[in-house]
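Structure at a glance
The residues making up each chain are set out below.
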Amino acid sequence: MKAYLYNLFETTSNALTYLKDSPLTFEAPKIESHGDLSTNVALLLSKSLKRNPREVANEIIAALPIDESIISKIELAGPGFINFFFSPAFISSKIKTIFELGDNYGKSKKYAGKKANVEFVSANPTGPLTVGHGRNAVFGDTIASLLEWVGYEVDREYYFNNAGRQMRVLGDSVRLRYLQILGDEIDFPEDHYQGEYIKDIAQQLFNEHKDTLRNEPAEGLFKAAAESEIFNDIKKTLSRLKIEHKIFFNENSLYEEGKIKQLLDTFKEKNLSYEKENATWLKLSEMGNEQDKVIVKSTGEPTYRLPDIAYHSVKLNRGYDLLVDIFGSDHNATYPDVMVALKNLGYNTDRVKVLIHQFVTILDNGEVVKMSTRKANYVTLDELTDEVGSDVVRYFFNMRNITTHMNFDLALAKKQSDENPVFYLQYAHARICSILRMIESESLKPSFENLDLLVMPEEQLLIKKLSKFEEEVLNSAEQFESQRITNYLEDLATAFHKFYTFCRIMGTEKKLAEARIALALAAKIVIKNGLSILGVSAPDKM
RNA sequence: GCGCCCGUAGCUCAAUGGAUAGAGCAUCAGCCUUCUAAGCUGGUGGUUAGUGGUUCGAGUCCACUCGGGCGUACCA
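Residues numbered from 1 in each chain as written. Chains lettered and ligands numbered in written order. Predicted model: local features only at pLDDT ≥ 70, side-chain atom pairs only at ≥ 80, totals over all residues. Heavy atoms only, no water.

**Here we look at the domain arrangement of chain A**
Keep this limit in mind: Where each domain starts and ends follows an automatic or database-derived domain assignment. Contact definition: two residues touch when any of their heavy atoms are within 4.5 Å. Once two parts are joined, some of their accessible surface, as seen by a 1.4 Å probe, is lost; buried area is that loss totalled over both. One speaks of a salt bridge when a side-chain nitrogen belonging to Lys or Arg is within 4 Å of a carboxyl oxygen belonging to Asp or Glu. Helical segments are the DSSP runs of H or I of at least four residues, strand segments are the runs of E of at least two, and each set is numbered from the N terminus.
Taken domain by domain, chain A comprises domain 1 (2-86), domain 2 (115-158 + 244-357), domain 3 (165-240) and domain 4 (420-534). On a C-alpha basis, the centres of domain 2 and domain 4 stand 43 Å from each other. With 12 residues of domain 2 in contact, the opposing surface of domain 4 contributes 13 residues. Where domain 2 abuts domain 4, roughly 1,000 Å² becomes buried across the two surfaces, and 83% of that area is made up of carbon and sulfur atoms. Where domain 2 meets domain 4, there are 0 salt bridges. Within the residue set of the side of domain 2 that touches domain 4, elements represented by two or more residues are α6 (131-149), β10 (322-328) and β11 (352-357). No other element matches α6, which puts 7 residues into the side of domain 2 that touches domain 4.

The structure is reproduced here in structure tokens:
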């Protein structure tokens, strides 16, 4: 519909020259009586033309060549909006397109041939994924999927660090639990990992090696066993949510391949770093940020900033057109340093999109649960998935803008899982499948011959909603906002349920019945495609 | 103190700078001898935290105030 109007205005701009290079856009008004599409172009032009906006709008309307079989009504409204109403037959013809495209309906080729990388989760293997990680994981995977829908070839990537202080403490935590199993009197330190999973790993080591590890160093087998066990669990947790990373990038490889040293040399060459008090500092203040930061500590160990910068330069060198980072808000102070450093190294950071999500506040029976992996007072993502299922977890984290500080009441989530909006969508899909089972026995089939019979308001609204899917996907992808899809699908499901209630198939004259079946099938396609972007299943029966 | 994010119905949240701020949950009243009632119809519920500004038009942009979250490490 939009494309049609753009063409129409293009043609008309020969007569009305001020339409050339005008800020022309069309939007679907919130209120149905304001038409199918509306433009505010007359309002925007009135200033530069120094004319009354309604007068300008009238002139435009008069100049537009209207084909009444396509546009049934055009009107001037309010302060100068031009509202367009499309004919039912034109609207209904969309059903056939949806049917022909099937699983591909909603995909676009706008970014075909481009490559993107989405880095998400990236939790170090020190403990199970928490509900907090769930938001990052689900959102990141959905963004990746949205990018695929608009044409990108996408790599999903997980960045991790299995060296450093955290991991040493982890290894030592396992070692101490192991010694406890051997019967040693151990005062388990408060700054070690308190979780039960540490005991499990220790127990497993004992089962395999008995007491032969008594003198094993923490950084040896203990750390290795912990890392591999925990990583396996993380991958299992993610796979339950249908999340699979193509690339697992180990921070350590940056050292092994000399990237860190290379980067340090480059900073030095470009005079972007200096030595002070035995540490190496990055001249961030000269690059435009607030203050200089340490990149190599006086102990000789780099801070996280250095590998972060190196990692991003490695990814940029791989030739992606778009790099997406999904971070929690605790990283909001670090990425500007990385960005500005990359820029000073000569990289085009426009290719990098950093998406910061706010934290999830977990409430249990109204009480805030403070999350800490080390202190082991967290709710794991697995526990949540056990309680409500993968579909609800995925839908829930996708249905809210990441800028919002989410409150998640566990007790409520468990209790109300039956009333979650995801079931509303799945129910719509299941109902359509039920229609399909029914028509077989009635020897009815979908038909596109008489789509112009679909003139009921419920039918027209549903078709219009279906028509907007491709645009919604594109908007969601370009704005990196998954909640647009869930909002859209809920609206769509509402439109379908109303259609289902008021436009029956059984007991209707055959031509109309078969047109309605075609419409129901089109709705099925869109619901299924939309849910598949979100990674939510579309059941045939409920 | 400074930086980033947030503040919308009782609760959880929507709303490309557009016309009358919307859903779900909760609550109240209706609808199942016909394709799934996990549904549909209607009602109650708002000074969009506050004050000023920009604009033909502000929940949305700007400034300030109040309130909350996260940062502000030679931790990641």
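**A few points about the packing of aromatic side chains**
The following threshold applies: Put simply, two rings from Phe, Tyr or Trp (the six-membered ring, in Trp's case) pair if the centres are within 6.5 Å, and we call them stacked under 30 degrees between planes, edge-to-face over 60, tilted for the rest. Here's how the labels work: a residue is buried when its accessible area is under 20% of the maximum for its type, exposed when over 50%, partly exposed in between, all with a 1.4 Å probe on protein chains only. Remark: a charge is flagged as sitting over a ring if the NZ atom of Lys or the CZ atom of Arg is within 6 Å of the ring centre and within 35 degrees of the ring normal.
For the structure on display, the rule yields 24 aromatic pairs. Each ring, one from F231 and one from F248, has its centre 5.8 Å from the other, and the planes form 80°; the classification is edge-to-face. Placement of the pair is F231 in helix α9 (residues 218-240) and F248 in strand β6 (residues 247-250), with a sequence separation of 17 residues. When the ring of F496 is compared with that of F499, the centres are 6.0 Å apart and the planes differ by 50°; the resulting orientation is tilted. Of this pair, F496 and F499 both sit in helix α21 (residues 483-502), 3 residues apart, which is roughly one turn of that helix. On the basis of relative accessible area, F496 is assigned to the buried category, the value being 0%. Linked through ring pairs, Y6, F9, F26 and F84 together constitute an aromatic cluster. Here the basic side chain of K210 rests over the ring of F206, its NZ or CZ set 5.3 Å away from the ring centre. K235 extends its terminal NZ or CZ atom over the ring of F231, reaching a point 5.1 Å from the ring centre.

**Overview of the pattern of salt bridges**
Under the criterion given, the structure shown has 28 salt bridges. Between D233 and K236 there is a salt bridge, with the nearest N and O atoms lying 3.9 Å from each other. Taken together, the residues span about one helical turn, with D233 and K236 both in helix α9 at a distance of 3 residues. The salt bridge partner of D337 is R305, with a shortest N-O separation of 3.2 Å. Taken as a pair, D337 in helix α14 (residues 335-344) and R305 in helix α13 (residues 305-317) lie far apart in primary sequence, 32 residues in all. Overlapping salt bridges bring together D141, E148, R156 and R394 as one network.

**Considerations on the side chain of S329**
Inspection of the secondary structure puts S329 in the loop between β10 and α14. According to the relative accessible area criterion, S329 is buried, its value standing at 13%. Not counting chain neighbours up to four residues away, the residues in contact with S329 comprise I356, H357, Q358 and F359.

**Things to note about the protein's contact with RNA strand B**
Short version of the rule: The rule for a residue being near a molecule or strand is that one of its heavy atoms must lie within 4 Å of it. Two N or O atoms count as a polar contact when they lie within 3.5 Å, although within protein this holds only if one can serve as hydrogen donor and the other as acceptor, and sequence-adjacent residues are included solely when both atoms are side-chain atoms. All residues other than Ala, Val, Leu, Ile, Met, Phe, Trp, Tyr, Cys, Pro, Asp, Glu, Lys and Arg, Gly among them, are scored as polar; the first ten of these are nonpolar and the last four charged.
Residues in close proximity to RNA strand B total 68 residues, the closest being E27, K297, R400, Y427 and S434. Here a base nitrogen of RNA strand B sits 2.9 Å away from a polar atom, N or O, in the side chain of Y304. The separation between a base nitrogen of RNA strand B and a polar side-chain atom of R504 is 3.0 Å. Looking at the surface near RNA strand B, the elements that each hand over two or more residues are α2 (41-49), β3 (81-86), α7 (165-181), β14 (406-409), α18 (421-441) and α21. Per element, the largest residue contribution to the surface near RNA strand B is 9 residues, and it comes from α18. By residue class, the composition of the surface near RNA strand B is 23 nonpolar, 26 polar and 19 charged.

**Focus: a positive patch on the surface**
Using the following cut-off: A patch is a set of surface residues, each over 30% in relative accessible area and not in a salt bridge, joined within 9 Å for like charges and within 5 Å for the nonpolar side chains Val, Leu, Ile, Met, Phe, Trp and Tyr. The Shrake-Rupley method, run with a 1.4 Å probe, gives the accessible areas here. Residue values count only the displayed protein chains as cover. When charges are tallied, Lys and Arg are placed among the positive residues and Asp and Glu among the negative ones, while His and the ends of the chain are skipped. Charge positions come from single atoms, namely NZ of Lys, CZ of Arg, CG of Asp or CD of Glu.
A contiguous patch of positive charge, built from R165, R168, K297 and R374, is present on the exposed surface. Looking at the element boundaries, R165 is found in helix α7. On the accessibility criterion, R165 (57% relative accessible area) is exposed.

**Topic: the sheet that holds strand β9 (residues 293-296)**
Going by this rule: Pairing between strands is defined by DSSP: at least two bridges between the two strands are required. Axes here mean lines fitted to C-alpha atoms, for a helix over just the part in contact, with angles spanning 0 to 180 degrees between N-to-C directions.
Strand order in this open sheet of 3 strands is β7-β8-β9, and the pairing throughout is antiparallel. Because the sheet does not close on itself, it has two edges, and the strands there are β7 (273-276) and β9. Strand-to-strand twist across the sheet, computed as the mean angle between neighbouring axes with direction ignored, equals 45°. Pairing of β7 with strand β8 (residues 279-282) involves 4 bridges; the strand directions are antiparallel. For E275, the partnering residue across the bridge sits in β8 and is T280.

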